[in-house]
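Remarks on the overall topology
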Amino acid sequence: MSSQSAIITDRLTKRYGERVVVDALSLEVAQGEVFGFLGPNGAGKTTTIAMLLGLVKPTAGRALVLGHDVATAPTTAAARVGAMIEAPAFYPYLNGYDNLRVLCRAGGLNEQRIAAALAVVELSERARDKVRVYSQGMKQRLAIAATLLPDPALIILDEPTNGLDPAGTAEIRALIRALAADGRTIFLCSHMLHEVEQVCERVAILKAGRLIAQGRVAELLHQRHGLRVRVEGDPAPAVALVSTLSWVAGVRRDGDVLLIDAPADRAAELNAHLARHGVLVAEIGAQGNSLEAFFLEVTGEP
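What this report covers is the structure whose coordinates are included nearby.

Here we come to the overall build of the chain. The helix and strand inventory of the chain stands at 11 helices and 14 strands. Seen through its principal axes, the chain has C-alpha atoms that stretch 75 × 40 × 35 Å. The buried share of the chain, taken over its 302 residues, is 45%. For the chain, the accessible surface area stands at approximately 14700 Å², while carbon and sulfur atoms represent 49% of it.

As C-alpha cells, this is what we get:
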C-alpha cells in the first residue's frame, strides 16, 4: 500500500443481516488523480462512500483516507475531505454566501474560505442572490463550493451532474478538471459514463457489491476489442460456427447479438464464413470502444 494514496480499501465489507452490500472491496486511489467509481444502481457505491466518510461502520476490512484509518481516527481522516453526496440541500431563503456561512459555523470551519470557494465555482457575482432563484446547475456548483470549505486534499462527488442539461454538465466537467489541476484528488461517482471517460484517468466498476474491473480507462477499453454481429434467425448455429475459427479467442451472446473476440479487420472473412454455411448476417461491425460499451458488457446491464 502506497503512502501516496488518497484512498485505500482492504477487503472492505458491509453486510446488513444476510445481505452483502459491499463485498471484500480492495481498491487504491492515488493522490492527485481523478478516479471514477462506477456501478449499476444498488451496486454498493453509496455505501462505500459512507464507509469512507465514517458515516457507516464496516462489517469487515478497513479503509484508509489520506493515510488515516477511518475506523480508529475518523475525525483526522475526514479533516481534509470535502464531499457532495446525492442532491444538494440548501436553505432557499438564504443567499449562496450565507448558506456556506451556515456550513462553516456548523463544521467549525474558517469563514474566510467562503469567498475563495465561490470564486472557484464562478458564483462570486451571484453570491448574494437567494438560492431559491438559482438554476440547478448553480445549486450543483454551490454544493461543490461547500466541499471546498475545509480546503480538501480529497473531494468526493456523488452524481454531480444529476439533473443538468448539456451546458450545465459541461460546466461541472470543466470544474472537475480545474480542481484536479489544482492538485486535489477527485473521487467521482457518476452514471454519466461519457463524462467519466472524459475526465477520469482510472475507474473501478462494482456489481452487486463486488469489484469486477479496475484500471486505467485506456487499458480497460483495449481489453475489449472485437466484432459485434447480429444474424438472421437463431444465433446458436452462428456461435458454433464462429467458435471453430482459429483466430477467434471467444464468443458470447447478448440476446440476438454475438460479441466476438477477434480482430476487427477480419469482419469480411467472418461474414463470408457464416454465409458459406447458410447463416445470414444482418449486421456486422467493430464493438463500441467506449467506457459505456465496456461498462454494459462487464456488468451485463441492458
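What follows covers a nonpolar patch on the surface. Side chains of Tyr91, Tyr93 and Val102 sit close together on the surface and give an oily, nonpolar patch of about 300 Å² of accessible area. Positionally, Val102 belongs in helix H3 (residues 96-107). Exposure remark for Val102: the relative accessible area of 34% places this residue in the partly exposed category.

Before going further, it helps to examine the pattern of salt bridges. One pass over the full model with this rule turns up 15 salt bridges. For Arg184, the salt bridge goes to Asp151, with nearest N and O atoms at 3.3 Å. Of this pair, Arg184 sits in the loop between helix H6 (166-181) and strand E8 (185-189) while Asp151 sits in the loop between helix H5 (136-147) and strand E7 (154-158), and the two are 33 residues apart along the sequence. Between Arg184 and Asp182 there is a salt bridge, with the nearest N and O atoms lying 3.4 Å from each other. Take Arg184: its relative accessible area is 11%, and that puts it in the buried class. What makes Asp182 exposed here is its relative accessible area of 52%. Look at the salt bridges and you will find they share partners, linking Arg80, Arg113, Asp151, Asp182 and Arg184 into a network.

Calculation notes
- Residues numbered from 1 in each chain as written.
- Predicted model: local features only at pLDDT ≥ 70, side-chain atom pairs only at ≥ 80, totals over all residues.
- Heavy atoms only, no water.
- Helix = DSSP H or I, 4+ residues; strand = E, 2+ residues; numbered from the N terminus.
- Buried < 20%, exposed > 50% of the residue type's maximum accessible area, 1.4 Å probe, protein only.
- Areas by Shrake-Rupley, 256 points an atom, 1.4 Å probe, with all protein chains shown as cover.
- Patch = residues over 30% accessible without salt bridge, like charges linked within 9 Å, V, L, I, M, F, W, Y side chains within 5 Å.
- Salt bridge = Lys/Arg side-chain N within 4 Å of Asp/Glu carboxyl O.

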